[in-house]
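A structural walkthrough
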Amino acid sequence: MLEMRPDCERCGIDLPADATGAHICSFECTFCTSCTDAMAAICPNCGGALMARPLRSGAALQRYPASLERKFQA
């Protein structure tokens, strides 16, 4: 199951699990659309492709909440 990280690792913007605009690599590194575009959709951590993260909403989000651990390092 995806961890659904709550923020962009590059700029720190909030990325709710039930909203579009998040991109992930196969290691679940998470970035917003603006940062993904600036990095040409390549993860700076692992070199993998960044893809649109699927949404988790409704009952699924209640049963399996998104992570609260923020990865942005100011």
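The text that follows walks through the structure, step by step, so that each part is easy to find. If you're wondering where the values come from, they're calculated on a predicted model, not measured in any experiment.

1. Concerning the overall build of the protein chain
Secondary structure summary: the protein chain contains 2 helices and 3 strands in total. Ordered by position in the sequence, the α and β elements of the protein chain form the string β-β-α-β-α. The C-alpha atoms of the protein chain give 12 Å as radius of gyration, which agrees with the globular expectation for 74 residues (11 Å, within 12%). Once the C-alpha set of the protein chain is aligned to its principal axes, its extents read approximately 35 × 25 × 20 Å. A burial count over the protein chain gives 35% of its 74 residues as buried. Relative to all contacts within the protein chain whose residues are 6 or more apart in sequence, the contacts with residues 24 or more apart total 54%. Here the protein chain displays about 4,500 Å² of accessible surface, and carbon together with sulfur accounts for 56% of that area. Side chains of the protein chain give 7 positive and 8 negative charges; the mean places of these two sets differ by 3 Å.

2. Focus on the pattern of salt bridges
For the structure on display, the rule yields 5 salt bridges. With a shortest N-O distance of 3.9 Å, R70 and D7 are connected by a salt bridge. A residue pair is termed long-range when its members are at least 10 positions apart, and R70 in the segment after α2 (58-63) and D7 in the segment before β1 (22-24) qualify at 63 residues. The class of D7 is buried, set by a relative accessible area of 0%. Its salt-bridge partner being E69, residue K71 comes within 3.1 Å of it at the nearest N-O pair. With relative accessibility at 45%, the residue E69 sits in the partly exposed group.

3. Structural notes on the sheet that holds β1
With respect to topology, 3 strands assemble into an open sheet ordered β2-β1-β3, the strand pairing being antiparallel. Only two strands of the sheet have a single neighbouring strand rather than two, namely β2 (30-32) and β3 (51-52). As paired elements, β1 and β2 share 3 bridges and run antiparallel to each other. Paired with A22 across the strands is C32, a residue of β2.

4. Focus: the nonpolar core
Counting residues in hydrophobic clusters, the biggest one holds 11 residues: C8, L15, A22, C25, C29, F31, C32, C35, M39, C43 and L50. Residues within four places of C8 in sequence aside, it is in contact with I13, L15, T30, F31, C32, C35 and F72.

Here is what the cut-offs are and how they apply
- Residues numbered from 1 in each chain as written.
- Predicted model: local features only at pLDDT ≥ 70, side-chain atom pairs only at ≥ 80, totals over all residues.
- Heavy atoms only, no water.
- Helix = DSSP H or I, 4+ residues; strand = E, 2+ residues; numbered from the N terminus.
- Rg over C-alpha atoms; globule rule 2.2 N^0.38 Å.
- Buried < 20%, exposed > 50% of the residue type's maximum accessible area, 1.4 Å probe, protein only.
- Contact = heavy atoms within 4.5 Å.
- Areas by Shrake-Rupley, 256 points an atom, 1.4 Å probe, with all protein chains shown as cover.
- Lys, Arg positive; Asp, Glu negative; His and termini not counted.
- Charge placed at Lys NZ, Arg CZ, Asp CG, Glu CD.
- Salt bridge = Lys/Arg side-chain N within 4 Å of Asp/Glu carboxyl O.
- Pairing = 2+ DSSP bridges.
- Core = buried A, V, L, I, M, F, W, Y, C linked by side-chain atoms within 4.5 Å.

Function cannot be read off these values alone, since they describe shape.
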